[in-house]
Amino acid sequence: MKIEDVIIVGGGLAGLTAAIDLARSGHKVHLFEAKEYPQHKVCGEYVSNEVIPYLQHLGVNVFHHGAVYIDQLQISDSQGRLAKSPLPMGGFGLSRFEFDRLLFARATALGVQIKILKVARIQFAKDIFTVTTTDGQSHFAKVVIGAYGKRSNLDKDLERPFAYKKQSWLAVKSHYNEAEHPGNVVGLHNFEGGYGGLSRTETGMVNFCYLAHYHTFKQYNGVADFNRKVVAKNPHLARFLSQATPTFSEPLTIAQISFDEKATVENHVLMAGDSAGLIHPLCGNGMAMAIHSAKLAAGVVRRFLDSRRPHRAKMEKRYRKEWDKAFRQRLWYGRKLQGILMNAKYMDLGIRMARSSTALMRQVITRTHGKTLVP
Ligand SMILES: Cc1cc2nc3c(=O)[nH]c(=O)nc-3n(C[C@H](O)[C@H](O)[C@H](O)COP(=O)(O)OP(=O)(O)OC[C@H]3O[C@@H](n4cnc5c(N)ncnc54)[C@H](O)[C@@H]3O)c2cc1C
């Protein structure tokens, strides 16, 4: 029985970042990803600049691959009343197709062993993990990082409470051609039962991704009907949808999105990225959090593996503490903001206040983002 140092389950932003970080410091890393690279993913594709120095440290320069600088936010209520603000730290637009591809290429170049195989089960006994893949093979490791995203078969297997609850959110995304949308702007536009983000990607196309309440969505006859009758009631989105041409044959959709609290460590698996907690997308900070949490996980794992007397409970305690310090408050603000955005009365007031004070907008944005992530 060969026992590996680290197995990472899931190779999105969090999994690949943790793999690259550990591989750079000489650790042998095995990663299982369920799907072939690269894939389009449901995401707003606006990334906060807070992760730039860390990504560069890992050998990934997104601007060499066409990432678009974004420094302005436009936000509108369902009537189309608009408020604008400079983004304090700014960000960039990059498709998940390209972002995941870049990280995958970097991880492969550093010798990370990536297998395209779904993990069916993670068990822990006698201080060793057994990771069983869907081909029936068992793999053994001292440490497992769970970076398998918002929702996976593994959540039920690990008996995580949110996996048994019906969730009320779904999301829709497509890329669009011939769309008039300034490259330096990320748009956040409200409509009844949801909101959507507009931002340009490295291909020149505009990503339009929205989150909608299932209760509202199910009253309509699919995405096209919902877009026409609900989304397009916001005049900014109506203009966008009437001018732009979708480039995907069908929009990508996901359902059952959970914003519930999750445990940071589950059956000794260190959770990173969305597996540890998902911030409301309106904050535009989920990807930065995924990358940041991967950095934290890689840090504690490195200490554990390099120690002459490794202490698992201490590693887990340290990870929980660092994760809470970095993200707990941001998630709380995200929940509060979501409540405001989804309430027409509060939103009306919020837009009026935001119009009269850019300082207020900056405050709100700052509270839902992290500080620059230093390597
Ligand atoms: C509608 C919406 C809009 C968003 N917009 C933004 C935005 O504009 N900006 C932003 O910063 N964040 C945004 N986010 C959040 C952001 O998309 C996520 O936080 C980010 O993708 C998390 O990365 P991750 O690595 O944790 O998960 P993922 O990127 O989802 O990666 C998880 C990986 O695990 C794999 N996997 C799953 N199960 C298994 C298994 N059993 N075995 C092996 N592999 C497995 C999956 O195939 C996947 O590749 C948005 C989220 C939503 C829902």
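Here's what I pulled together on the structure shown here. Numbering of residues starts from 1 in every chain and runs along the sequence as written. With pLDDT at 70 or above as the cut-off, local features in this predicted model cover only qualifying residues; side-chain atom pairs require 80 or more to be listed or tallied, and sums for whole chains, interfaces and linings still use all residues. By convention in this description, side-chain values take in all heavy atoms of the structure and omit both hydrogens and water.

1. A short note on the overall build of the protein chain
- The helix count covers DSSP runs of H or I at least four residues long, the strand count covers runs of E at least two residues long, and both are numbered beginning at the N terminus. In terms of regular secondary structure, the protein chain is built from eleven helices and 17 strands.
- Taken over the C-alpha trace, the protein chain has a radius of gyration of 21 Å; the compact-globule value for 375 residues is 21 Å, and the two agree within 12%.
- Along the longest, intermediate and shortest principal axes, the C-alpha atoms of the protein chain span 60 × 40 × 35 Å.
- Summary of the burial criterion: residues with accessible area below 20% of their type's maximum are buried, those above 50% are exposed, and those between are partly exposed, where the area comes from a 1.4 Å probe applied to protein chains only. Counting the 375 residues in the protein chain, one finds 54% classified as buried.
- Residue contacts are counted whenever heavy atoms from the two residues lie within 4.5 Å of one another. Looking at the protein chain alone, contacts between residues at least 24 apart form 73% of all its contacts between residues at least 6 apart.
- Surface exposure here means Shrake-Rupley accessible area, sampled with a 1.4 Å probe, where a residue is shielded only by the protein chains that are shown. Carbon together with sulfur atoms contributes 51% to the accessible area of the protein chain, which is approximately 16,900 Å² in total. Throughout, the radius of gyration refers to the C-alpha atoms, and the reference size of a globule is 2.2 Å times the residue count to the power 0.38.

2. Concerning a nonpolar patch on the surface
- Two joining distances apply to patches: 9 Å for like charges and 5 Å for nonpolar side chains (Val, Leu, Ile, Met, Phe, Trp, Tyr), and every residue must have over 30% relative accessible area and no salt bridge. Put simply, a salt bridge is a Lys or Arg side-chain nitrogen that is within 4 Å of an Asp or Glu carboxyl oxygen. A contiguous nonpolar surface patch, about 300 Å² in accessible area, is contributed by Leu349, Met353, Leu360 and Val364.
- Those elements giving two or more residues to the nonpolar patch turn out to be α10 (344–356) and α11 (358–367).

3. A closer look at the site of the ligand
- Every one of the 35 residues lining the ligand counts as a neighbour, but Glu33, Gly44, Tyr46, Arg96 and Asp274 are closest to it.
- In protein, a polar contact requires one atom able to donate a hydrogen and another able to accept it; more generally it is a pair of N or O atoms within 3.5 Å, and residues adjacent in sequence count only if both atoms are side-chain atoms. One of the backbone N or O atoms of Ala34 is found 3.1 Å from a nitrogen atom in the ligand.
- Contact distances for the ligand include 3.4 Å between an oxygen atom and a backbone N or O atom of Glu45.
- Notes on the ligand: free accessible area 1,000 Å², of which the protein chains cover 93%.
- Within the residue set of the shell around the ligand, elements represented by two or more residues are α1 (13–24), β2 (29–33), α4 (153–157) and α8 (286–306).
- No other element matches α8, which puts three residues into the shell around the ligand.
- In this classification, the charged set is Asp, Glu, Lys and Arg, the nonpolar set is Ala, Val, Leu, Ile, Met, Phe, Trp, Tyr, Cys and Pro, and all remaining amino acids, among them Gly, are polar. In terms of residue class, the shell around the ligand is made up of 18 nonpolar, eleven polar and six charged. When at least one non-hydrogen atom of a residue lies within 4 Å of a molecule or strand, that residue is treated as near it.

4. Things to note about the pairing of β2
- The buried fraction of β2 is high, at five of five residues.
- Side chains Val29, Leu31 and Glu33 of β2 all project onto a buried face; the interleaved residues His30 and Phe32 project onto the opposite face, where all are buried too.
- Pairing geometry for strand β1 (residues 3–9) and β2, over four bridges, is parallel. By the bridge assignment, Val9 is partnered in β2 with Phe32.
- Crossovers are described as right-handed under a simple rule: with the strands pointing away from the observer, the path leading from the first strand over the helix to the second runs clockwise. Traced from β1 through α1 to β2, the parallel crossover comes out right-handed.
- Only when DSSP finds a minimum of two bridges between them are two strands counted as paired. Sheet topology places β2 next to strand β6 (residues 113–116); four bridges connect them, and they run parallel. What sits directly across from Leu31, in β6, is Ile114.

5. Thoughts on the packing of aromatic side chains
- Pairing of aromatic rings covers Phe, Tyr and the six-membered ring of Trp, with a centre-to-centre limit of 6.5 Å; geometry is then stacked below 30 degrees between planes, edge-to-face above 60, and tilted otherwise. Applying the stated criterion across every chain, the model contains 17 aromatic pairs.
- With 5.0 Å between their ring centres and 65 degrees between their planes, Tyr176 and Phe240 make a pair best called edge-to-face. Separated by 64 residues along the polypeptide, Tyr176 in strand β10 (residues 169–177) and Phe240 in helix α7 (residues 235–243) bring together distant segments of the chain. A single burial state applies to Tyr176 and to Phe240, both of which are buried.
- Three or more aromatic residues link up through ring pairs in this structure, and these residues are Tyr176, Phe191, Phe208, Tyr210, Phe217, Tyr220, Phe226 and Phe240.
- A positively charged side chain is recorded as over a ring if its NZ (Lys) or CZ (Arg) lies within 6 Å of the ring centre. The angle to the ring normal must also be within 35 degrees. The lysine or arginine in question, Lys262, covers the ring of Phe162, its NZ or CZ lying 4.5 Å from the ring centre.
- For the cation-ring pair, Lys295 lies above Tyr54, with the distance from its terminal atom to the ring centre recorded as 5.8 Å.

6. As for the layout of surface pockets
- Of the volumes computed, that of the second largest pocket is approximately 560 Å³.
- Considering the residues around the second largest pocket, the lining is formed by 19 residues, among which Lys325, Ala326, Arg330, Gly370 and Lys371 are closest to the centre.
- Contributions of two or more residues to the lining of the second largest pocket are made by α8, α9 (312–341) and α11.
- It is α9 that provides the largest number of residues to the lining of the second largest pocket, a total of six residues. Cavities and pockets were defined on a 1 Å grid built from protein atoms only: a cavity is a group of points that admits a 1.4 Å probe but offers it no way out, a pocket is an open group of points flanked by protein on both sides within 12 Å along at least five of seven lines, and a lining residue is one with an atom within 4 Å of any such point. Grid points are joined across faces, edges and corners, and a volume is the space filled by probe spheres set on the points.

7. Some thoughts on empty space enclosed by the protein
- Counted according to the given criterion, the structure contains two cavities of 30 Å³ or more.
- What the largest cavity holds in volume is close to 60 Å³.
- Looking at the lining of the largest cavity element by element, the count peaks at four residues for α8.
- Classifying every residue of the lining of the largest cavity by side-chain character gives seven nonpolar, four polar and one charged.
- Of the voids in this model, the second largest cavity is the one considered here, and its volume is about 40 Å³.

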